[in-house]
Amino acid sequence: MSYINAIKRNKDVLVWKRENGKHVLATHDAPYYFYTKDEAGEYTSMFGDKLTRHDFNTGKEFNDGRARMSAFGQELYESDIPIELKLLSEKYYEATLPELHVTLFDIEVDYDPQIGYSSLEDPYAPVNSVALYHNWKNEMIVLAVPPEGYDGTLDPKELMPKFDEIAKLPDDVTYRVEFFDNEHDLLKRFIHEIQDSDLLSGWYSEGFDIPMIGKRIEMMGQQWFNKLSFPEASPPKWKEEEIYGKKVITLMLGGRVSLDYMDIFKKFEVTLRPSYKLENISDEILVDDNDIPILPKLEYEGSLAKMYHTDFVWFLRYNLRDTEILKGFEDTLGYVVLANAFVHLSTGLFKNVTGTLKLSELSTINYCHYDMDNVIVNDMHPPEQVTKAKGAFVLKPQVGEHAMIGSIDINSLYPSAIRSNNISPETIIGQFKEEVRACEEIKKQSYVTLTLELDSGEQLQATADEWHEALVAKGWGISGFGTVFNQAIQGIMPAILEGWYTQRKVYQKLEFEAKDAGDYKSYLNQDSLQRLTSFRVEPILAGAAPGGRYQFERQGYFCVDSVDSSDDILVFNRTVSLRDSWAKIEKTQKPKR
């Protein structure tokens, strides 16, 4: 089973896992090592240089070694990969994805009109309601402090019919409502509820829900505040960072994962929205066959604080609706499941999901290690001079009405350019100072003198016709911008893209053949349906709800059949196997090069 989270602590790397339904802490020796060039070394860099490995016992020795080697002018390899990520790659590459215990939640905070809204800078107002959904229990919970003057006649167990009168609750989820005399007791219960949670998520939860509830729990004392983290992890830490253009206070939990659902929605959705209010996104995503929203916003007059004091039942149902929407998003979009897959396929961390490069970088390093027979990558070096990259030349639009306007979609432009030019860090030879003109003159084989600056900094001059002859002889290619790449040996990035492209072409061919034949069924595996009966599963699956998704170790991904499954007889449909037949297909249909 794979991991939930990992941190480096002194000489160890702590890795939290979930095994047999319980949290398990694994402690590994921290892999303190890096590589340097050595002609007699037994390792090979992505540039073809021989390397030797330097191992250290402690972080101080490792850092001192890095500083010493750098001072001697030695180029370092893989010294800048975070130690915990090195460990995850070594121990958990291609491990089974964990079945995370995910808690979706939303909080409501009281409000004093004389003071204004409670903020992270002045969190004066108490949390008066928290709605949670635990995916492993398929249970929704509302924890609330009734308003002053509440007569106590409302039994939490009798609220469900009243909730249904406001907005029908889904039938496939269990519900629980608990009342508390004060915020202190409510927050203690919240802490108890999340102790078995691996991942907490809400809508803008990184900017509000988690830090706000953290501020209020911190007022209760450090012993309660620490319980937001896993027991063996570091206490939560406050951090100021920029979110959507403004500086906000965020709370970094130790071990336990926090993941803002709005952030991953923006990450995985290709379309920008004019508004990212929860109700607006819900009205777009969660709709029926006629595009009618199935979880519309519960309208109310006045402020939410007023509703809390004047219509407590409606207030509770309103709080529950927000968490209901979050569950609807995950049931429909599966973005937490997708983030989980991204993290573990690249052996990264959840904090890397919303970034642009880290998971891709880690996946590339894993490709070098495991698909290219342990090729070692170089340390990253920031440019000495930060300059704006030159991009495509874009014509300014001409104002006015035009006739005969057309558009063109160049399929896979960047991947195709990378493959055709063999663009990869280790294939770069240099850059012509004349840039675009160099390519044009070499194409014409003119007598114009051109200057090539090699990647080492050395500069070479020759006429365009001489460069034409030299490029052909050496097996080098030149891009339209005048960058020279070695095309004698396939680069790492083109090799990765070729695998993706070849796989896509195989399935596209099968799709086109099926369409031409008019009988797609003939291209399906006639023995694909296999029924297995009388098998045993973990007891936790006894309450598996229709549509629920699970991974069976060494078997694949399954969902609970929404028609045939029942409490008496569980039916699981396999959706994806862990090992598909692509390797065999690739071997039999390998394209000619």
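Right above here is the structure, for reference.
Below, the structure is looked at part by part.

What counts and how
Residues numbered from 1 in each chain as written. Predicted model: local features only at pLDDT ≥ 70, side-chain atom pairs only at ≥ 80, totals over all residues. Heavy atoms only, no water. Helix = DSSP H or I, 4+ residues; strand = E, 2+ residues; numbered from the N terminus. Contact = heavy atoms within 4.5 Å. Buried < 20%, exposed > 50% of the residue type's maximum accessible area, 1.4 Å probe, protein only. Patch = residues over 30% accessible without salt bridge, like charges linked within 9 Å, V, L, I, M, F, W, Y side chains within 5 Å. Areas by Shrake-Rupley, 256 points an atom, 1.4 Å probe, with all protein chains shown as cover. Salt bridge = Lys/Arg side-chain N within 4 Å of Asp/Glu carboxyl O. Pairing = 2+ DSSP bridges. Axes fitted to C-alpha atoms, helices over the stretch in contact; angles between N-to-C directions. Polar contact = N/O pair within 3.5 Å; in protein donor to acceptor, adjacent residues only side chain to side chain. Expected span 1.5 Å × (residues − 1). Parallel < 35°, antiparallel > 145°, perpendicular 65-115°, else oblique. Nonpolar A, V, L, I, M, F, W, Y, C, P; charged D, E, K, R; others polar. Phe/Tyr/Trp six-rings, centres within 6.5 Å; stacked < 30°, edge-to-face > 60°.

1. Points about the environment of V343
Counting through the fold element by element, V343 comes out in helix α11 (residues 335–345). Once the C-alpha coordinates of V343 and T250 are considered, the two residues, 93 residues apart in sequence, prove to be 22 Å apart. In contact with V343, not counting residues within four places along its chain, are Y3, G348, L349, F350, V353 and L359.

2. A closer look at the environment of N10
Tracing the sequence through the fold places N10 in the loop between β1 (3–9) and β2 (12–19). Taking relative accessible area as the criterion, N10 reaches 62% and is therefore assigned exposed. When the C-alpha atoms of N10 and I81 are compared, they prove to be 16 Å apart, with 71 residues separating the residues in sequence. Ignoring any residue separated from it by four or fewer positions in sequence, one finds N10 in contact with A30 and Y32.

3. Brief notes about a nonpolar patch on the surface
A contiguous nonpolar surface patch, about 300 Å² in accessible area, is contributed by L532, F535 and V537. Here L532 shows up in the loop between α16 (492–517) and β22 (549–552). Taking relative accessible area as the criterion, L532 reaches 66% and is therefore assigned exposed.

4. Focus on the sheet that holds strand β18 (residues 449–454)
Taken in spatial order, the 5 strands of this open sheet run β19-β18-β17-β21-β20, and their pairing is antiparallel. Of all strands in the sheet, those with a lone pairing partner are β19 (459–463) and β20 (476–478), marking the two edges. Between one strand axis and the next, the sheet turns through 30° on average, direction left out of account. As paired strands, strand β17 (residues 428–432) and strand β21 (residues 483–486) are joined by 3 bridges and run antiparallel to one another. Across the sheet, the residue bridging to I428 is F485, located in β21.

5. Looking at the environment of S197
Assignment of secondary structure puts S197 in the loop between α4 (183–194) and β12 (199–201). Its relative accessible area of 0% is what places S197 among the buried residues. Sequence separation between S197 and L104 is 93 residues; the distance between their C-alpha atoms is 9.8 Å. What S197 contacts, discounting residues up to four positions off in sequence, is H23, H101, T103, H134, W136, F230 and R256. For S197, the side chain forms a polar contact with the side chain of T103, separated by 2.6 Å.

6. Things to note about helix α1 (residues 59–71)
Residues separated by three or four positions in an α-helix point in the same direction, a consequence of the helix having 3.6 residues per turn. A rise of 1.5 Å per residue sets the reference length of α1, with its 13 residues, at 18 Å; its end C-alpha atoms lie 18 Å apart and thus fit the reference within 8%. Taken together, the buried residues of α1 touch β4 (33–37), β6 (50–55), β7 (76–77) and α2 (83–92). Where α1 terminates, the next one or two residues include G73, which has phi positive at roughly 80°.

7. Describing unusual backbone geometry
Unusually for a residue other than glycine, T347 sits at a positive phi of about 50°. By the secondary structure assignment, T347 is in the loop between α11 and α12 (358–371). With relative accessibility at 2%, the residue T347 sits in the buried group. Phi at N374 takes a positive value of approximately 60°, unusual for a residue other than glycine. Within the secondary structure layout, N374 lies in the loop between α12 and β16 (375–376).

8. Remarks on the packing of α12 against α16
Put simply, α12 and α16 touch, their axes get as near as 11 Å, and they point 95° apart. When the axes of α12 and α16 are compared, the pair comes out roughly perpendicular. Together, T364, Y367 and C368 of α12 and I492, M493, A495 and I496 of α16 make up the contact between the two elements. Considered class by class, the residues forming the contact of α12 with α16 number 6 nonpolar, 1 polar and no charged.

9. Observations concerning α11
If you check which residues of α11 are buried, you get Y335, V336, A339, N340, A341, V343 and H344. The elements touched by buried residues of α11 are β1, β8 (102–109), β12, α7 (261–268), α10 (312–333) and α12. Just downstream of α11, T347 is the residue with a positive phi angle, here 50°.

10. Quick notes on the packing of aromatic side chains
As enumerated under the stated definition, the model contains 29 aromatic pairs in all. Taking the centre distance of 6.0 Å and the plane angle of 15° together, the rings of F225 and W238 count as stacked. Residue F225 is located in helix α6 (residues 222–225), and its partner W238 is located in strand β13 (residues 237–243); the two are separated by 13 residues in the primary sequence. Taking 6.4 Å as the distance between ring centres and 75° as the angle between the ring planes, the aromatic pair formed by F265 and Y276 counts as edge-to-face. Within this pair, whereas F265 is found in helix α7, its partner Y276 is found in the loop between α7 and α8 (278–285), the two being separated by 11 residues in sequence. You'll find F265 and Y276 in the same group, each marked buried. Among the aromatic residues, those joined into a cluster by ring pairs are W203, Y261, F265, F268, Y276, F329, Y335 and F342.

11. Some points on the sheet that holds β22
Judged by pairing direction, the sheet is antiparallel, and its 3 strands sit side by side in the order β22-β23-β24 without closing on themselves. Both outer strands of the open sheet, β22 and β24 (572–577), are each paired with one neighbouring strand and no more. Sheet twist, expressed as the average angle between the axes of neighbouring strands with direction ignored, equals 35°. Two strands pair when backbone bridges link them, and strand β23 (residues 556–560) and β24 are joined in this way by 5 bridges, in the antiparallel orientation. Its bridge partner being in β24, C559 is matched across the sheet by N573.

12. Comments concerning the pattern of salt bridges
Counted by the stated rule, this structure contains 23 salt bridges. With a shortest N-O distance of 2.8 Å, D171 and K168 are connected by a salt bridge. Judged by its relative accessible area of 70%, D171 is exposed. Linking E178 and R189 is a salt bridge whose minimum nitrogen-to-oxygen distance equals 3.3 Å. With E178 in strand β11 (residues 174–179) and R189 in helix α4, this residue pair connects regions lying 11 residues apart in the sequence. We classify E178 as buried; its relative accessible area is 17%. When its relative accessible area of 24% is taken as the criterion, R189 is described as partly exposed.

These results come straight from atomic positions and should not be treated as a statement about function.
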